[in-house]
Amino acid sequence: MITIKQIIDTGVDCEHPDLKDNLWVNEAEKNGVAGKDDDGNGYIDDIYGFNFVGANLNKQPVKGNRLNWSKGYGHGTHVAGIIAAENNKIGGIGVAYNCKVMVLKAGNSSGYFNNSDIAASINLLTTVKDILQTNDIYKELSKEFKDEMNRRWDENEKRWEKNEKRWEENEK
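What this report covers is the structure whose coordinates are included nearby. Please read all numbers here as calculations on a predicted model, not as lab measurements. (Residues numbered from 1 in each chain as written. Predicted model: local features only at pLDDT ≥ 70, side-chain atom pairs only at ≥ 80, totals over all residues. Heavy atoms only, no water.)

## Some details on the overall build of the protein
Under the convention used in this document: Only DSSP runs of H or I with at least four residues qualify as helices, and only runs of E with at least two residues qualify as strands; both kinds are numbered from the N terminus onward. The contact criterion used throughout is that any non-hydrogen atoms of two residues lie within 4.5 Å. Method for areas: the Shrake-Rupley scheme with a 1.4 Å probe, in which residue coverage is limited to the protein chains shown.
A count of helices and strands for the protein gives six helices and five strands. For the protein, the N- to C-terminal ordering of α and β elements is β-α-β-β-β-α-β-α-α-α-α. Sequence-distant contacts in the protein: of pairs separated by 6 or more residues, those separated by 24 or more amount to 60%. In the structure as shown, the protein presents an accessible area of about 10,300 Å², 49% of it carried by carbon and sulfur atoms.

## With respect to the environment of Asp21
Operational definition: For each residue, the accessible area found with a 1.4 Å probe, counting protein chains only, is set against the maximum for its type, and the residue is called buried under 20%, exposed over 50%, and partly exposed in between.
You can see Asp21 is positioned in the loop between strand E1 (4-9) and helix H1 (27-30). You can call Asp21 partly exposed: its relative accessible area is 45%. When the C-alpha positions of Asp21 and Val101 are compared, they lie 9.6 Å apart, and in sequence the two are 80 residues distant.

## Points about helix H2 (residues 74-84)
Worth spelling out the cut-off: Note: the arc covers the axis-to-C-beta directions of the helix.
Taken as a whole, H2 has its buried residues at Gly76, Thr77, Ala80, Gly81 and Ala84. The buried side chains of H2 occupy one side of the element, clustering within an arc of 140° when seen end-on. Turned more than 90 degrees away from the buried face of H2 sit Gly74, His75 and His78, all of them exposed. Those residues of H2 that are buried lie in contact with E1 and strand E5 (100-105).

## Considerations on the packing of aromatic side chains
The condition is simple: Any Phe, Tyr or Trp ring, taking Trp's six-membered ring, that has another such ring centre within 6.5 Å forms a pair; planes under 30 degrees apart are called stacked, those over 60 apart edge-to-face, and the others tilted.
Scanning the entire structure with this criterion turns up three aromatic pairs. Ring plane angle 65° and centroid distance 5.2 Å describe the contact between Tyr43 and Phe50, whose orientation is recorded as edge-to-face. According to the relative accessible area criterion, Tyr43 is buried, its value standing at 8%. Taken together, Tyr43, Phe50 and Phe52 form an aromatic cluster joined through their ring pairs.

## A short note on the sheet that holds strand E3 (residues 49-51)
Stated precisely, the cut-off is as follows: Should DSSP find at least two bridges between two strands, the strands are regarded as paired. Here an angle of 0 to 180 degrees is reported between the N-to-C directions of two axes, which are lines fitted to C-alpha atoms, with helices fitted over the stretch in contact.
Within the open sheet, the three strands sit side by side as E1-E5-E3. Their pairing is parallel. The open sheet is flanked by E1 and E3, the only strands paired with a single partner. For this sheet the average axis-to-axis angle between neighbouring strands, irrespective of direction, equals 20°. Judged from the six bridges that link them, E1 and E5 form a sheet pairing that is parallel. Residue pairing across strands places Ile4 opposite Lys100, the latter belonging to E5. Sheet strands in contact with H2 are E1 and E5, and its direction is about 155° off that of E1. Packed on one face of the sheet, helix H3 (residues 115-124) meets E1, E3 and E5 and runs near 145° to E5.

## Quick look at the pattern of salt bridges
In plain terms, the rule: Take a side-chain nitrogen of Lys or Arg and a carboxyl oxygen of Asp or Glu: if they are within 4 Å of each other, that pair is a salt bridge.
In this structure the tally under the stated criterion is one salt bridge. With its nearest N and O atoms 3.9 Å apart, the salt bridge here joins Lys36 to Asp38.

## Some thoughts on the nonpolar core
Quick reminder of the rule: Note on terminology: a nonpolar core comprises buried Ala, Val, Leu, Ile, Met, Phe, Trp, Tyr and Cys residues joined through side-chain atoms within 4.5 Å.
Counting residues in each nonpolar core, the largest one holds ten residues, listed as Ile7, Val12, Cys14, Leu19, Leu23, Ala80, Ala84, Cys99, Val101 and Val103. Where this core is concerned, the elements lending two or more residues are H2 and E5. Beyond its immediate chain neighbours, meaning those up to four positions away, Val101 contacts Lys5, Ile7, Asn22, Leu23, Trp24, Tyr48, Ala80 and Ala84. Formed by nine residues, the second largest nonpolar core is a distinct cluster that contains Tyr43, Phe50, Phe52 and Leu104.

The following block contains the structure:
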């Protein structure tokens, strides 16, 4: 079973030799059309994750930056390396070197994190449900486990809707 770890940080260097093969890849977006939401999850070009810094989150679907979205990635790359650096005899080895990393950039290169970018990063994780359901691993899970997972995702979506309303009220 492949484990996907989500890193909410300053982005990750997607070309780093210890990390590039351990990045989670959204195949529908990678093999799709640039500037189009190929998987229908509301995020455009979310190939390795998504860059929420400066994204227009009020517009659906949200547009990413297919080529340079991971610029300004120092700390996030370091964190990803601790977790998932490959056992490739090049650099260090991560504590979970067989996992995949989904990159959710919520902090800028100066290390500043906006609460709404963090919240949006977490909200994207609700789309992992769809990713898992198209994965061969999901087909092997028991019906009970799938039902429980779906129930929890539904609860989380309701919780997020409630929180979004509170955040909107607080911003007024």
